[in-house]
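# Secondary and tertiary structure notes
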Amino acid sequence: MRSVTPSRGSTAGGTTVRLAVEGLPADATTADVDEVTIDGAICTVASVNAPAGSPYGNVTCVTTSYGRTSAARPGVAPVRVVVAGVGAAAATSGAVYEYVDLWSSLTTWGATSLGAGGGLPTEGDSVWIQAGQRIVMDVSPPRLYMIVVQGSLEFDRTDLRLDANYVFVMGGALTVGTEDEPFLQRAVITLHGSPVSKEIPLYGAAVIGCRECTLDLHGKPTVRAWTYLAATAAAGDTELVLEEPVHDWAPDGAAPVMVMVTSTAANGTMEEAETCVLLGVDGTGTRLTLSAPLLYDHLGQTFPLDGGHAVTFRANVALLSRNVVVQGSQPMASLDKHGGHIMLHSRKHGAIADRSQGESLVGRIEDIEVRYAGQAFRLGRYPIHFHMIGTVRKSYIRRVSIHHTFNRAVAIHGVHYLRVQDNVAFETMGHTYFIEDGVETKNIITGNLGANTRESFALLTVDATPATYWITNPDNYVVNNVAAGSTHYGFWFFPEPKVRGASEAEGKGICPQGVPLLKWADNEAHNNGKYGLRIFTNNPDQVPTAASGFYPRRKPCEDVVTSKVLINERLSSICPVCKNCGTIKCM
């Protein structure tokens, strides 16, 4: 047995399968095929074709009902073919067939093969996908109340919408595309809820919750999520010229494509950032045609200085739209400032600071759009939130667009080795890229763009004067990021004398203020209301004996006054790129 085409079908049966069989006798007929079975289920032989002189023959059969998949009967097995007088064909790795439970099939929901009993989920229903069961969503269901996934829920390769109050993946998997085969169609997940919705403990409402799960969200790949202007665009222009090609931003007609241009206003304001609808991309990939004229000037040029030096002033241009969308329900999400959120949390060990422990879940999120997300007035309800897991080497957030949110963009809380790379965050409230307690280490934060960070008076005190990047432990890799507009700060480097928040009890013996830098280089800030970079650590009311500032040393918790083993550290290449964007200030 060499191959099976197709390699999967509904558990209800009725799928026509073609089997390529090597060594099938040239005169074989359907009567000569004694048996075709898949994991014990009969596949009824329809035809046999064995051309003379060909090394392969074909057997065609039609699957019968398998019943629901489960942990005991997962529905994946080699196809067994027995030919009279010859014997059973040996199955190669390509001769495996998989029964899947299709959302649209009545048998998935308990009906018999004759259609008796069961019924598709209806509006307001809750759905439980049991351990070992694999359901492929091939149609858009009505709005559901809750989906609990202990098995596997996978989006089929077609345009789909999913509306629910809660999607809770507990020990199972939610898959919208994979790393190797991203989702290329359009998928929109809308999370419903209000400030008075009942909450799942720890995870909340209007949520995709992930506990000991695998979460795969992979949209159509983009080479880059943002770039720079190559030439100044004047107010009234309908074209942007970019430094790098962005062929994959071109509209495909399925939905409007939105781009964002950051402010380069001479007075330092961020309010001249604007969004535009993209009409097309030229053959070079560097010229964008817009649907309406720009409202403001946006710089894209280099100015020569004395001594052979030069300084570059260029606006950032970012792609906001994606084909896979996770969103809060509009218009109520914006009215209540209560959107959807993705929360990943589970732990199986005691000390969050222990980097040898963790990996209780896997979250792989790339090339998607998260909008109208986060929940104001509620700590822990952030658009994408990795929470108290420990080490997460297998997880990442890459090239994701997070915009128009009500509570941050990305929260890195009690985790190590998370990769946050090449993302775009626009129009957010409170600290945008947020390292929370100071226990978090070895996280990779590179190539991100944050713009238009606004105050929040509903979170921590410091969120009333927010930073686009809030860094509380120097032992993180922070390189090539851009803070392109905030009411207050671009980067706020805030290593305190001790760990704070939920990790405080477990972070004893960790003193972020004295931890040497892992890497901080080539970060850029412009159009921030106060400072591009602020280094400020200690509140004397909280730790009266601690000195204010950053004092890296070989023994981080040794008293800074008595320590004689300080380490020279350098924040490399901090670049304020416009003359009125806010100064660098260390306090």
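The structure contained in this document is the topic of the report that follows. (Residues numbered from 1 in each chain as written. Predicted model: local features only at pLDDT ≥ 70, side-chain atom pairs only at ≥ 80, totals over all residues. Heavy atoms only, no water.)

Time to look at the layout of surface pockets. Counted as a void, the largest pocket has a volume near 590 Å³. Lining the largest pocket are 32 residues, with Leu460, Val462, Trp470, Glu496 and Arg500 positioned closest to its centre. For the lining of the largest pocket, the residue count by class is 14 nonpolar, 12 polar and 6 charged. Of the voids in this model, the second largest pocket is the one considered here, and its volume is about 510 Å³. Lining the second largest pocket are 27 residues; nearest its centre among them are Pro256, Val257, Ser321, Arg322 and Asn323. Counting only elements with at least two residues in the lining of the second largest pocket, the list comes to strand E21 (257-261) and strand E30 (369-371). Counted by class, the lining of the second largest pocket contains 12 nonpolar, 7 polar and 8 charged residues. (1 Å grid on protein atoms, 1.4 Å probe; cavity = no way out; pocket = protein on both sides within 12 Å on 5 of 7 lines; lining within 4 Å. Points joined across faces, edges and corners; volume = space filled by probe spheres on them. Nonpolar A, V, L, I, M, F, W, Y, C, P; charged D, E, K, R; others polar. Helix = DSSP H or I, 4+ residues; strand = E, 2+ residues; numbered from the N terminus.)

It is worth spelling out the pairing of strand E9 (residues 96-102) at this point. With 5 of its 7 residues buried, E9 lies for the most part within the structure. Note: strand E2 (residues 8-10) against E9, 3 bridges, orientation parallel. Looking at E9, one finds that Ser10 is bridged to Val100. As paired elements, E9 and strand E11 (residues 134-137) share 2 bridges and run parallel to each other. Within E11, the position partnered with Leu102 by the bridge is Val136. (Buried < 20%, exposed > 50% of the residue type's maximum accessible area, 1.4 Å probe, protein only. Pairing = 2+ DSSP bridges.)

On to the pattern of salt bridges, then. A complete count under the given rule lists 24 salt bridges for this structure. Between Glu199 and Arg381 there is a salt bridge, with its nearest N and O atoms 3.4 Å apart. Residue Glu199 is located in the loop between strand E16 (187-191) and strand E17 (207-211), and its partner Arg381 is located in the loop between E30 and strand E31 (384-391); the two are separated by 182 residues in the primary sequence. With a relative accessible area of 35%, Glu199 lands in the partly exposed category. Residues Arg399 and Glu366 are paired through a salt bridge, measuring 3.2 Å at the closest nitrogen-oxygen approach. Taken together, the residues Arg399 in the loop between strand E32 (396-398) and strand E33 (401-403) and Glu366 in strand E29 (residues 362-366) connect sequence positions 33 residues apart. For Arg399, a relative accessible area of 17% translates into the label buried. What you see here is one network of salt bridges that share partners, running through Arg8, Glu98, Arg134, Glu154 and Asp156. (Salt bridge = Lys/Arg side-chain N within 4 Å of Asp/Glu carboxyl O.)

Under the counting rule described, the total for this entry stands at 3 disulfides. Between the sulfur atoms of Cys210 and its disulfide partner Cys213 the distance amounts to 1.6 Å. Torsion about the S-S bond of the Cys210 and Cys213 cystine: about -100°, corresponding to left-handed handedness. The side chain of Cys511 participates in a disulfide bridge whose partner is Cys557; the two sulfur atoms lie 2.0 Å from each other. Its S-S torsion of approximately 110° makes the covalent link between Cys511 and Cys557 right-handed. Of the two residues, Cys511 sits in the loop between strand E43 (489-493) and strand E44 (519-521) while Cys557 sits in the loop between strand E46 (531-535) and strand E47 (575-576), which places them 46 residues apart along the sequence. In the protein, the bonded cysteines, taken in the order they occur along the sequence, pair up as 1-2, 3-4, 5-6. (Disulfide = S-S within 2.5 Å.)

All right, on to empty space enclosed by the protein then. Under the definition given, this model contains 1 cavity of 30 Å³ or more. When its volume is computed, the largest cavity comes out at roughly 40 Å³. Lining the largest cavity we find Val410, Ile412, Val420, Tyr433, Phe434, Ile435, Ile445, Tyr469 and Ile471. Counting residues per element, the ones that place at least two in the lining of the largest cavity are strand E34 (410-416), strand E37 (433-435) and strand E40 (467-471). Broken down by element, the lining of the largest cavity gets its largest block of residues, 3 residues, from E37. Across the lining of the largest cavity, the residue classes break down as 9 nonpolar, no polar and no charged.

Before going further, it helps to examine the packing of aromatic side chains. Scanning all chains against the criterion turns up 19 aromatic pairs. Measuring from ring centre to ring centre gives 5.0 Å for Trp103 and Trp109, while their planes differ by 70°; the resulting arrangement is edge-to-face. By the burial criterion, Trp103 is buried, and Trp109 matches it. On the basis of an interplanar angle of 25° and a centroid distance of 4.7 Å, the ring pair of Trp470 and Phe494 is categorised as stacked. Placement of the pair is Trp470 in strand E40 and Phe494 in the loop between E43 and E44, with a sequence separation of 24 residues. (Phe/Tyr/Trp six-rings, centres within 6.5 Å; stacked < 30°, edge-to-face > 60°.)

Counted residue by residue, strand E18 (residues 214-218) has 4 buried out of 5 residues, so it is predominantly covered. As judged from the 5 bridges shared by E18 and E29, these two strands associate in the parallel manner. Residue Thr214 lies in a different strand from E29, and its bridge partner there is Val362.

This next bit is on the side chain of Thr428. Its place among the elements puts Thr428 in strand E36 (residues 424-429). The buried category is assigned to Thr428, whose relative accessible area is 1%. Of the polar contacts made by the side chain of Thr428, one reaches the side chain of Thr432; its length is 2.7 Å. Excluding residues that lie within four positions of it along the chain, Thr428 makes contacts with Thr405, Arg408, Ala409, Asn452, Thr453 and Arg454. (Polar contact = N/O pair within 3.5 Å; in protein donor to acceptor, adjacent residues only side chain to side chain. Contact = heavy atoms within 4.5 Å.)

The next point concerns unusual backbone geometry. Going from Thr5 to Pro6, the amide bond is cis rather than trans, its omega being -5°. Tracing the chain through its elements places Pro6 in the loop between strand E1 (3-5) and E2. The linkage connecting Gln330 with the following residue, Pro331, adopts the cis geometry, with an omega of 5°. Mapped onto the elements of the fold, Pro331 is located in the loop between strand E27 (324-328) and helix H1 (332-336). You will see that Arg408, though not glycine, has its phi angle at about 65°, which is positive. With respect to the helices, strands and loops of the structure, Arg408 is situated in the loop between E33 and E34. For Arg408, a relative accessible area of 0% puts it in the buried group. Positioned with a positive phi, Asn480 is a non-glycine residue whose angle comes to about 60°.

Strand order in the open sheet made by the 6 strands is E19-E26-E21-E22-E23-E20, with antiparallel pairing throughout. Each edge of the open sheet is held by one strand with a lone partner, namely strand E19 (226-228) and strand E20 (239-241). Adjacent strand axes in the sheet meet at a mean angle of 35°, parallel and antiparallel pairs treated alike. Across 3 bridges, the pairing between strand E22 (residues 274-281) and strand E23 (residues 287-290) is antiparallel. By the bridge assignment for E23, Val281 is matched with Leu288. (Axes fitted to C-alpha atoms, helices over the stretch in contact; angles between N-to-C directions.)

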